[in-house]
Amino acid sequence: MKNFSLLFEQIDQTQSTNEKVSYIQKYFADSSSADGAWALFFLSGHRLKRLISGKKLLKWCQELLQLPDWLVEESYAAVGDTAETISLLLPFKEKEIKNKLTLSEWMEMRIKPLQGLLEEKQKEQIFLYWNELNTKETFIFNKILTGSFRVGVSSLLTLKGLSQALEIPREILSQHVMGTWEPTAEFFASLSITDDRKQYLNPYPFYLAYPFEGDLKTLENPFDWLAEWKWDGIRAQVVKRGGECAIWSRGNELVSSQFPEIMEVCKQLPDGTVLDGELIAYQSNRPLAFGELQKRLGRKNVSKSMQKNIPVILMIYDVLEYGGEDIRKLPLGDRRDVLKCLNLESPLLLISDEISFSNWEELSEKRALARQQGTEGVMLKKRNSFYGVGRQKGNWWKYKIDPMVIDAVLMYAQAGSGRRANLFTDYTFGIWNQNELIPIAKAYSGLDQGEINKLDRWIRMHTEEKFGPVRKVKTEQVFEIAFEGIQRSNRHKSGIALRFPRIKRWRTDKLYQECDDLETIIKTFLHDSS
C-alpha cells in the first residue's frame, strides 16, 4: 500500500500533466503485475462496490475513540468528507506501524474478504487495519471501503504512463482496458502481448470534441470541415464480432439490455464492425427530450410498452472497424464512405447527415436553428482527421447553441466537499410562483474563486435558518442561471426540471423581486400556456 499511497500523493500535489505521467510510468515499471492491475483499475476510474457505508465507518470511529456526538458532527461539517474526517480524527501516523502488504495484497487479503463478514467482525478487522496504516493510507483505505475512491488523473494520462512503462502503443492498450475486465495479475501481464484481440466485444476509446468559442473564420477553409448536428442523447459504440453484439456507453458501461431493439437490428451488421453514434429517444422523425431516454437507463429489462412509448434509434457518426480491421487511422472522409457502404436498411440505424454550407456565415445561420431541430448545436470535424483517443484540441469541435437562461434568487446554501468543505458552494435557487418563491434548480459551478469567497462571507452574515448542513439565506441575491434543456417533472415542486444548470453571472444589478416567474418560464421554454 505504501507505494500506491505515494503515487496518489504525488498525483494529488502536482498540476503538471508531464509529472503525473512520469509518476504513473515509474509506478507501473516498478510494480508487480498484481499491483499494476489494481492500480490501473483505480487510475482508470473504476471503483469497488461499496463494502461499508461512510455513516457506519464514522460511527465506528466515534465508538473507537469515545468521542462526543457534537465533536464528530462539527468535524464532519468542517471537513465535508467522511473518509477524510475519520483519517483526521484517528491518531496521526506519518509512517505505517508494521504492515508491509502491497496494494494487491491489501485488496485480495484484507479489503475484499470484509464483504463476507458479519458486522461485528468487520468492525473488529477495520479497527486493526486503522491501527496498521498511516494517516494517508487510512484515507485511501476508507475511500475504497465506501466505494468513493478516485484519483485526480484522466484515463488518457494513465494510458500514456502505462504505454511508456510497457512500451506498448497507447492505441493498443486503450482498447484492451475498455469494456469489462478484472484487476488480476494475468490481465495486467496480457497487456504486454500484442496479439489480435478482436474476438472480444470490447469497444474502442471514444474520441471527444472540444467546445468551440470564438470566430469560425479562425478555422480557415470551410471546405476542409464536415458539419453535422450535435444530437442530445447517449454516446455509444455498437460492436459486432464473432456473431455477437454489444452496446457500450461512453462511460464504459455495457447498456445492451436497455436497448434490445437496437441489439436486434445490429445483428444485420457484418462481423468485424464497430459503429460510433448517439442513442436518441426518437419519434415522428424528431428527437424526444433527453429525460425520456433517461427512463430506460439502469433497467435490466425494458418492456415492450416502454419500447413503444420511448422508441430509440442509433444516430451513426462514424465507423471504427470494418471487416475486422481497425480503420481509425483512415481520414474521416474515407470512413464516411465506408459507412455508406454498409447498406443499413433498418429505420433504427440512421447515418447522421452532413450539414451543407459554403461559408462560415451560412453555418452560423444554420446553427441558430439547432434548437428547432431538437439538437444542441453543430459538430465540426476535419475531413482528413483520424479517430483519436480522448478529448484533443484541433480536429473535432462542438459548436453548441447558446444556453437558455433565467434569473433566479438564492434561497439555500450548503458547504461543498473536499477542498471546498469550508466554503458554501452548493446553492439552491428559486423563482416566483405567484407570490411565493419556489426552488427551481441547484447549481455548483460558474463563479470564480473571488466570487465564491465573497458569496461565502455574505451567506454567513445573512443566514436566517439552519437545517442541518443547509442554510436558508436572506432573499436578496439574484443570479443568471444557464441550462441546456427543460422538461416537465412531477418530482420537482416547480413541476419542471432544468438540465445542466450552472451560474452564468451574479446579477448585482437586479432586485430579487425582478427574478423570473414560473408561468413566464413555462410559456417561454415549453411553448405552452398550461
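Because the structure is predicted, anything quoted here is derived from the model rather than measured. (Residues numbered from 1 in each chain as written. Predicted model: local features only at pLDDT ≥ 70, side-chain atom pairs only at ≥ 80, totals over all residues. Heavy atoms only, no water.)

Draft legend 1. Up close: the overall build of the protein. Each helix and strand counted, the protein has 20 helices and 22 strands in total. Relative to a compact globule of 530 residues, whose C-alpha radius of gyration would be 24 Å, the protein shows 26 Å and is just as compact. The principal-axis extent of the C-alpha atoms belonging to the protein is close to 70 × 70 × 50 Å. Of all 530 residues assigned to the protein, the portion counted as buried reaches 51%. Considering only contacts within the protein whose residues lie at least 6 apart along the sequence, 71% involve residues at least 24 apart. Summed over all atoms, the accessible surface of the protein reaches about 26,600 Å², with 48% contributed by carbon and sulfur. (Helix = DSSP H or I, 4+ residues; strand = E, 2+ residues; numbered from the N terminus. Rg over C-alpha atoms; globule rule 2.2 N^0.38 Å. Buried < 20%, exposed > 50% of the residue type's maximum accessible area, 1.4 Å probe, protein only. Contact = heavy atoms within 4.5 Å. Areas by Shrake-Rupley, 256 points an atom, 1.4 Å probe, with all protein chains shown as cover.)

Draft legend 2. Spatial organisation of the pairing of strand β14 (residues 404–415). Sheet topology places β14 next to strand β19 (residues 478–483); 6 bridges connect them, and they run antiparallel. The residue of β19 that forms the bridge with Val405 is Ala482. Where β14 meets strand β15 (residues 424–433), 6 bridges bridge the pair, whose relative direction is antiparallel. The residue of β15 that forms the bridge with Gln414 is Asp426. For β14 and strand β18 (residues 470–473), the ladder comprises 3 bridges, and the chain directions are antiparallel. Bridge pairing in β18 links Ala413 to Arg471. (Pairing = 2+ DSSP bridges.)

Draft legend 3. Seen up close, the packing of helix α1 (residues 2–12) against helix α2 (residues 17–30). Where α1 meets α2, the axes come as close as 9 Å, and the angle between the chain directions of the two elements is 170 degrees. The angle between α1 and α2 places the two elements in the roughly antiparallel class. Packed against α1, whose contacting residues are Asn3, Phe4, Leu7, Gln10 and Ile11, the element α2 presents Lys20, Tyr23, Ile24 and Tyr27 at the interface. Its residues assigned to classes, the contact of α1 with α2 shows 6 nonpolar, 2 polar and 1 charged. (Axes fitted to C-alpha atoms, helices over the stretch in contact; angles between N-to-C directions. Parallel < 35°, antiparallel > 145°, perpendicular 65-115°, else oblique. Nonpolar A, V, L, I, M, F, W, Y, C, P; charged D, E, K, R; others polar.)

Draft legend 4. The arrangement of the pattern of salt bridges in detail. Counted by the stated rule, this structure contains 36 salt bridges. For Glu120, the salt bridge goes to Lys123, with nearest N and O atoms at 3.4 Å. Placement of both Glu120 and Lys123 in helix α8 (residues 119–132) is noted, with a separation of 3 residues, approximately one turn of the helix. Two residues, Glu480 and Arg505, come together in a salt bridge whose shortest N-O distance is 2.9 Å. Placement of the pair is Glu480 in strand β19 and Arg505 in strand β22 (residues 502–506), with a sequence separation of 25 residues. When its relative accessible area of 9% is taken as the criterion, Glu480 is described as buried. The class for Arg505 is partly exposed, based on a relative accessible area of 41%. Overlapping salt bridges bring together Lys230, Asp232, Glu376 and Arg499 as one network. (Salt bridge = Lys/Arg side-chain N within 4 Å of Asp/Glu carboxyl O.)

Draft legend 5. The arrangement of empty space enclosed by the protein in detail. Under the criterion given, the structure shown has 2 cavities of 30 Å³ or more. If you add up the space inside the second largest cavity, you get close to 30 Å³. Along its surface, the second largest cavity is lined by Arg420, Thr425, Tyr427, Tyr444, Ser445, Gly446, Leu447, Ile452 and Ile503. Along the lines of polarity and charge, the residues of the lining of the second largest cavity split into 5 nonpolar, 3 polar and 1 charged. (1 Å grid on protein atoms, 1.4 Å probe; cavity = no way out; pocket = protein on both sides within 12 Å on 5 of 7 lines; lining within 4 Å. Points joined across faces, edges and corners; volume = space filled by probe spheres on them.)

Draft legend 6. Structural detail: the environment of Lys112. With respect to the helices and strands, Lys112 occurs in the loop between α7 (103–111) and α8. A relative accessible area of 36% means that Lys112 is categorised as partly exposed. Those residues within four positions of Lys112 in sequence are excluded, and the remaining contacts are Trp38 and Met107.

Draft legend 7. Quick look at the sheet that holds strand β11 (residues 377–382). One open sheet holds the 4 strands; their spatial order is β2-β13-β11-β3, and the pairing between them is mixed. Each of the sheet's edge strands pairs with one partner strand only, and the pair in question is β2 (210–211) and β3 (225–229). The pairing of β11 with strand β13 (residues 396–400) spans 5 bridges and is classified as antiparallel. Residue pairing in the sheet places Val378 in a bridge with Tyr399 of β13. Packing against the sheet, helix α16 (residues 332–340) makes contact with β3, β11 and β13, and its axis sits at approximately 50 degrees to β3.

Draft legend 8. Inspection of helix α19 (residues 449–461) at higher detail. Compared with the 18 Å implied by 1.5 Å per residue over 13 residues, the 19 Å span of α19 between its first and last C-alpha is a close match. Of all the residues in α19, the buried ones are Ile452, Leu455, Asp456, Trp458 and Ile459. Down the axis of α19, the buried side of the element spans an arc of 165 degrees, and every buried residue falls inside it. Residues Arg457 and Met461 are exposed on α19 and point more than 90 degrees away from its buried face. The inward-facing, buried residues of α19 abut β14, β15, β17 (463–467), β18, β19 and β22. (Expected span 1.5 Å × (residues − 1). Arc of directions from axis to C-beta.)

Draft legend 9. Main features of unusual backbone geometry. In this model, Asn343 sits at a positive phi of 55 degrees, which is unusual for a non-glycine residue. Given the relative accessible area of 56%, Asn343 is considered exposed. Unlike most non-glycine residues, Phe500 shows phi in positive territory, near 55 degrees. Note on placement: Phe500 falls in the loop between β21 (496–499) and β22.

Draft legend 10. Quick peek at the packing of aromatic side chains. The full count for this structure, using the stated rule, is 28 aromatic pairs. Between Trp106 and Tyr129, the aromatic rings sit 5.3 Å apart at their centres with planes inclined by 80 degrees, giving edge-to-face as the arrangement. Placement of Trp106 in helix α7 and of Tyr129 in helix α8 is noted, with a sequence separation of 23 residues between them. In this pair, the class of Trp106 matches that of Tyr129, namely buried. Each residue in the set Phe4, Phe8, Tyr27, Phe28, Trp38, Phe41, Phe42, Phe139, Phe149, Trp181, Phe187 and Phe188 is aromatic and connected to the rest through ring pairs, giving one cluster. The ring of Phe386 has Lys329 lying over it, and the distance from NZ or CZ to the ring centre is 4.1 Å. For the cation-ring pair, Arg499 lies above Phe290, with the distance from its terminal atom to the ring centre recorded as 3.7 Å. (Phe/Tyr/Trp six-rings, centres within 6.5 Å; stacked < 30°, edge-to-face > 60°. Lys NZ or Arg CZ within 6 Å of the ring centre and 35° of its normal.)

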